[in-house]
Amino acid sequence: MAGLDKRVASYQEALEGLSNNMTVLAGGFGLCGIPENLIAEIRRRDVHGLTVVSNNCGVDGFGLGVLLESRQVRKVIASYVGENALFEELVIKGELEVELTPQGSLAEKIRAGGAGIPAFFTATGYGTPVAEGKEVREFAGRPYILEPAITGDFAIVKGWKADWYGNVIYRHTAQNFNPLMATAAKITVVEVEEIVPPGELDPAAIHTPGIYVDRLIQGQFEKRIEQRTLRA
């Protein structure tokens, strides 16, 4: 992208350059704040061998789950995968590699990647399979394991509002993993519900500064509910 205007005209343009065997960081938590149209464009582009980093991998038939159905994902790095039956099936069959990571460690691995920090020590996971093969050091009498940071080729992010310079605001809990993912990839693509001219957003309300954003597109969203709970 050249210049300050980050807007692109189509989802095809938004994901131009995405190819086989790349690592994709996907924002969202469950089905809250997921970049559903960018996921659909990945499906349409039919790229394969992807490593997907996300808190979870969607549900059957929606979100990142559609990329599992099309067998476009080789590996998933996530903290929770319990809502997707196909995910379980593919792992058991040996058709999908999974790296389960404690949720806080996953968030910090992405944050560190975005900050240019290659690795960090954490007590989380010590003494469990999470720590297998990792360096252990003791600090103040407590053992810690060395966790490598995570970066990606593309980050796909869902925002609420943005100006065309790429300054993004997320709505309520849709912040979740989106601000972290936006900092940690070579190319960050953000889809939002509304794009406004520069100057209309309160600078104090910006969650992701435009310096992190490479491409910006406005979309329409289904916003499906993952688990609907009703009370009579």
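Residues numbered from 1 in each chain as written. Predicted model: local features only at pLDDT ≥ 70, side-chain atom pairs only at ≥ 80, totals over all residues. Heavy atoms only, no water.

## Re the overall build of the chain
Phase 1 of the analysis: Scanning the chain from N- to C-terminus turns up six helices and 13 strands.
Phase 2 of the analysis: Taken over the C-alpha trace, the chain has a radius of gyration of 18 Å; the compact-globule value for 232 residues is 17 Å, and the two agree within 12%.
Phase 3 of the analysis: Principal-axis analysis of the C-alpha atoms gives the chain an extent of 55 × 50 × 40 Å.
Phase 4 of the analysis: Evaluated residue by residue, the chain yields a buried proportion of 47% over its 232 residues. (Helix = DSSP H or I, 4+ residues; strand = E, 2+ residues; numbered from the N terminus. Rg over C-alpha atoms; globule rule 2.2 N^0.38 Å. Buried < 20%, exposed > 50% of the residue type's maximum accessible area, 1.4 Å probe, protein only.)

## So, the layout of surface pockets
Phase 1 of the analysis: Taken as a whole, the largest pocket holds about 300 Å³ of empty space.
Phase 2 of the analysis: Along the wall of the largest pocket there are 18 residues; nearest its centre are Leu31, Cys32, Gly33, Ala174 and Lys223.
Phase 3 of the analysis: Looking at the lining of the largest pocket residue by residue, the class counts come to seven nonpolar, four polar and seven charged. (1 Å grid on protein atoms, 1.4 Å probe; cavity = no way out; pocket = protein on both sides within 12 Å on 5 of 7 lines; lining within 4 Å. Points joined across faces, edges and corners; volume = space filled by probe spheres on them. Nonpolar A, V, L, I, M, F, W, Y, C, P; charged D, E, K, R; others polar.)

## Remarks on the packing of aromatic side chains
Phase 1 of the analysis: The tally for this structure, following the rule as stated, stands at two aromatic pairs.
Phase 2 of the analysis: Between Phe139 and Tyr144, the aromatic rings sit 5.5 Å apart at their centres with planes inclined by 80°, giving edge-to-face as the arrangement.
Phase 3 of the analysis: Aromatic ring contacts, followed pair by pair, group Phe121, Phe139 and Tyr144 into a single cluster.
Phase 4 of the analysis: Lying across the ring of Phe221, Lys158 places its NZ or CZ 4.6 Å from the centre.
Phase 5 of the analysis: Lying over the aromatic face of Trp160, Arg171 brings its terminal NZ or CZ to 5.1 Å of the ring centre. (Phe/Tyr/Trp six-rings, centres within 6.5 Å; stacked < 30°, edge-to-face > 60°. Lys NZ or Arg CZ within 6 Å of the ring centre and 35° of its normal.)

## Topic: the pairing of strand β8 (residues 152-158)
Phase 1 of the analysis: Buried residues dominate β8, accounting for seven of its seven residues.
Phase 2 of the analysis: Pairing geometry for strand β1 (residues 23-26) and β8, over three bridges, is parallel. If you follow Ala26 over to β8, its bridge partner there is Ile156.
Phase 3 of the analysis: Bridge analysis of β8 against strand β11 (residues 185-192) gives six bridges, and the strand direction is parallel. Note on β11: the bridge partner recorded for Ile156 is Val189. (Pairing = 2+ DSSP bridges.)

## Some remarks on empty space enclosed by the protein
Phase 1 of the analysis: Counted according to the given criterion, the structure contains one cavity of 30 Å³ or more.
Phase 2 of the analysis: Around the largest cavity sit 14 residues that line it, and Gly30, Ile34, Ser54, Asn56 and Leu64 are the ones nearest its centre.
Phase 3 of the analysis: When grouped by side-chain class, the residues that make up the lining of the largest cavity number seven nonpolar, seven polar and no charged.

## What to know about the sheet that holds strand β10 (residues 168-169)
Phase 1 of the analysis: Sheet architecture is open: three strands sit in the order β10-β9-β12, paired in mixed fashion. Strand pairing shows two members of the sheet lacking a second neighbour, β10 and β12 (194-196), which therefore form its edges.
Phase 2 of the analysis: With two bridges connecting them, strand β9 (residues 161-163) and β10 associate as antiparallel partners. Its bridge partner being in β10, Lys161 is matched across the sheet by Ile169.

## Some details on unusual backbone geometry
Phase 1 of the analysis: Phi is positive for Asn21, which is not a glycine, with a value near 70°.
Phase 2 of the analysis: You can see Asn21 is positioned in the loop between α1 (11-14) and β1.
Phase 3 of the analysis: With relative accessibility at 59%, the residue Asn21 sits in the exposed group.
Phase 4 of the analysis: The backbone of Ala140 shows a phi angle near 50°, a positive value even though the residue is not glycine.

## Some thoughts on the pattern of salt bridges
Where charged atoms of side chains with opposite charge meet at close range, the side chains can pair.
Phase 1 of the analysis: Inspection of the entire model under this criterion finds 15 salt bridges.
Phase 2 of the analysis: Among the ionic pairs, Lys109 bridges to Glu147, the shortest N-O distance being 3.1 Å. Of the two residues, Lys109 sits in helix α5 (residues 103-115) while Glu147 sits in strand β7 (residues 142-148), which places them 38 residues apart along the sequence.
Phase 3 of the analysis: Its relative accessible area of 0% is what places Glu147 among the buried residues.
Phase 4 of the analysis: Glu147 is paired through a salt bridge with Lys134; the nearest N and O atoms lie 2.9 Å apart. Here Lys134 lies in the loop between β5 (119-122) and β6 (136-139) and Glu147 lies in strand β7, a separation of 13 residues in the sequence.
Phase 5 of the analysis: Taken together, the shared-partner salt bridges in this structure form one network comprising Arg74, Lys75, Glu97 and Glu99. (Salt bridge = Lys/Arg side-chain N within 4 Å of Asp/Glu carboxyl O.)

Such coordinate-based values are descriptive only and should not be taken to indicate function.
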